[in-house]
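Structural features, examined
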Amino acid sequence: FHQACSPFIQAARCYARPVRRKRKDIPSHLDDLPPTMLKKDYANVPIINSVDDVVKRLLSLEMASQKEKMKIKTQQLVEKVRRSPNDNGSFEVQVAMLTAKIRTYEEHLQRHPKDKNNRRRMLMDIDRRKKLLAYLRRVRYDTFENTCKQLNIQYTLPPPYSRRITKRWVVKKAFCLKVFQEARKLKAPERLKRRREWQARARAAKE
């Protein structure tokens, strides 16, 4: 038979349950997409206006996944900066596509800060976008300004030289300096001898 638990044990079991933390509502760059907008694959279908409302709802962004919303958002960003309707590979278009990916990675890392794989991918895309923007700034400055303005990108100039200071680098630098100083001490007598010979030759030439 089952023995009845005491009130103390029941209370202890309640306290032992893990407390679920409420997730913070993180704003997304996909929130400005209207839910009634159709998916990218069905937007230009001619018979889409004659279908039922239920079918339209199934084919709209209300029932779409994040991947399908990303297609629409990327297309909107590309339309802002592309040079012509057939432009699909210019530097501006590549910057727009990378910007959409970077913002998606940022939102994902806010929810999952320990995801190192996606953090590495985001940093790789950021470096690639920096190189493209640096090229646009050097070659076509007006296009660079328009791209940053349309995509809301804050571009900061890179430092002239930057190197990450690590413990290994500091030890290696100190060792190289020590070797250089010891080598100079060993070569000092030979240099002094050569200098005196050169001075003696100069005096003999004057006489």
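Refer to the structure printed above.
Basis of the calculations
Residue numbers restart at each chain and count upward from 1, following the sequence in its written direction. Only residues with pLDDT of 70 or above have their local features reported here, since the model is predicted, and side-chain atom pairs are shown and tallied only from 80 upward, although totals for entire chains, interfaces and linings are computed over all residues. Hydrogens and water molecules were not included; the side-chain quantities draw on all heavy atoms of the structure. The pairing test for Phe, Tyr and Trp rings, Trp by its six-membered ring, is centres within 6.5 Å, and the orientation test on the planes gives stacked under 30 degrees, edge-to-face over 60, and tilted for anything in between. Here a strand is any run of E in DSSP of at least two residues, a helix any run of H or I of at least four, and the numbering for each starts at the N terminus. When a residue's accessible area, from a 1.4 Å probe over protein chains only, is under 20% of the maximum for its type it is buried; when over 50% it is exposed; and in between it is partly exposed. Patches in this entry comprise residues that are over 30% relatively accessible and not in a salt bridge; like charges within 9 Å are linked, as are nonpolar side chains (Val, Leu, Ile, Met, Phe, Trp, Tyr) within 5 Å. For the accessible areas, the method is Shrake-Rupley and the probe is 1.4 Å, while residue cover comes only from the protein chains on display. Basic side-chain nitrogens of Lys or Arg form a salt bridge, by our definition, when they fall within 4 Å of a carboxyl oxygen of Asp or Glu. Taken from the helix axis, the directions to the C-beta atoms give the arc we talk about. When checking whether two residues touch, look at their non-hydrogen atoms; a contact exists if any pair is within 4.5 Å. Given a helix with a known number of residues, its expected span is that number minus one, times 1.5 Å. Bend is computed residue by residue as the angle between axes fitted to the seven residues ending at the residue and the seven residues starting at it. Space inside and on the surface of the protein is sampled on a 1 Å grid over the protein atoms alone, with a cavity defined as a set of points where a 1.4 Å probe fits but cannot get out and a pocket as an open set with protein on both sides within 12 Å along at least 5 of 7 lines; lining residues have an atom within 4 Å of a point. Grid points are joined across faces, edges and corners, and a volume is the space filled by probe spheres set on the points. Only Asp, Glu, Lys and Arg are considered charged in this grouping, and only Ala, Val, Leu, Ile, Met, Phe, Trp, Tyr, Cys and Pro are considered nonpolar; every other residue, Gly among them, is considered polar. The axes are straight lines fitted to the C-alpha atoms, using for helices just the contacting stretch, and the angles between their N-to-C directions are given from 0 to 180°. Oblique is the label for every angle not falling under 35 degrees (roughly parallel), over 145 degrees (roughly antiparallel), or within 65 to 115 degrees (roughly perpendicular). What makes a crossing left-handed is the near helix being turned counterclockwise from the far one by less than a right angle; a clockwise turn instead makes it right-handed.

Some words on the packing of aromatic side chains
Applying the stated rule across the entire model yields three aromatic pairs. Centre to centre, the rings of Phe91 and Tyr135 are 4.6 Å apart; their planes meet at 35 degrees, and the pair counts as tilted. Of the two residues, Phe91 sits in helix α4 (residues 91-111) while Tyr135 sits in helix α5 (residues 116-139), which places them 44 residues apart along the sequence. Judged by relative accessible area, Phe91 falls into the partly exposed class, the value being 29%. Look at Phe144 and Tyr155: their rings are 5.1 Å apart centre to centre, the planes differ by 85 degrees, and that puts the pair in the edge-to-face class. Here the residue Phe144 occupies a position in helix α6 (residues 141-151), and Tyr155 occupies one in the loop between α6 and α7 (167-206), the gap between them amounting to 11 residues. An aromatic cluster is present here, built from Tyr141, Phe144 and Tyr155 joined pairwise through their rings.

Some points on a nonpolar patch on the surface
Taken together, the side chains of Val54, Leu58 and Met63 make up a nonpolar region of the molecular surface, amounting to roughly 280 Å² of accessible area. Mapped onto the elements of the fold, Val54 is located in helix α2 (residues 53-58).

Overview of α6
Burial in α6 covers these residues: Thr143, Phe144, Thr147, Cys148 and Leu151. Looking straight down α6, one finds that the buried residues subtend no more than 130 degrees of arc, so they occupy a single side. Turned more than 90 degrees from where α6 packs its buried face, Asp142 and Lys149 sit exposed. On the buried face of α6, the contacting elements are α3 (66-81), α4 and α5. With its phi angle positive at about 60 degrees, Asn152 sits one or two positions after the end of α6.

Notes on α7
In an α-helix, one full turn covers 3.6 residues, which means residues spaced three or four apart are oriented alike. Taking 1.5 Å of rise per residue, the 40 residues of α7 would be expected to cover 58 Å, and the 56 Å separating its terminal C-alpha atoms lies within 8% of that figure. Where α7 bends most, at Lys187, the angle is about 45 degrees, and the proline Pro189 comes one to four residues later. Within α7, only zero of the 40 residues are buried, which leaves the element largely exposed.

What about the layout of surface pockets?
In this structure, the largest pocket occupies an estimated 250 Å³ of space. Around the largest pocket sit Ile126, Asp127, Arg129, Lys130, Leu133, Ile153, Gln154, Tyr155, Thr156 and Pro158, which together line it. By residue class, the composition of the lining of the largest pocket is five nonpolar, two polar and three charged.

Comments concerning the packing of α4 against α6
The interhelical angle for the contact between α4 and α6, taken along N-to-C directions, is 30 degrees, at an axis separation of 11 Å. In terms of orientation, α4 and α6 fall into the roughly parallel class. In this structure, the crossing between α4 and α6 has a hand that is right-handed. Between α4, through Glu92, Val95, Ala96, Thr99 and Arg103, and α6, the contact on the second element is made entirely by Thr143, Thr147 and Leu151. When grouped by side-chain class, the residues that make up the contact of α4 with α6 number three nonpolar, three polar and two charged.

So, the side chain of Thr147
Inspection of the secondary structure assignment puts Thr147 in helix α6. For Thr147, a relative accessible area of 1% translates into the label buried. Beyond its immediate sequence surroundings of up to four residues, Thr147 is in contact with Val81, Glu92, Val95 and Leu136.

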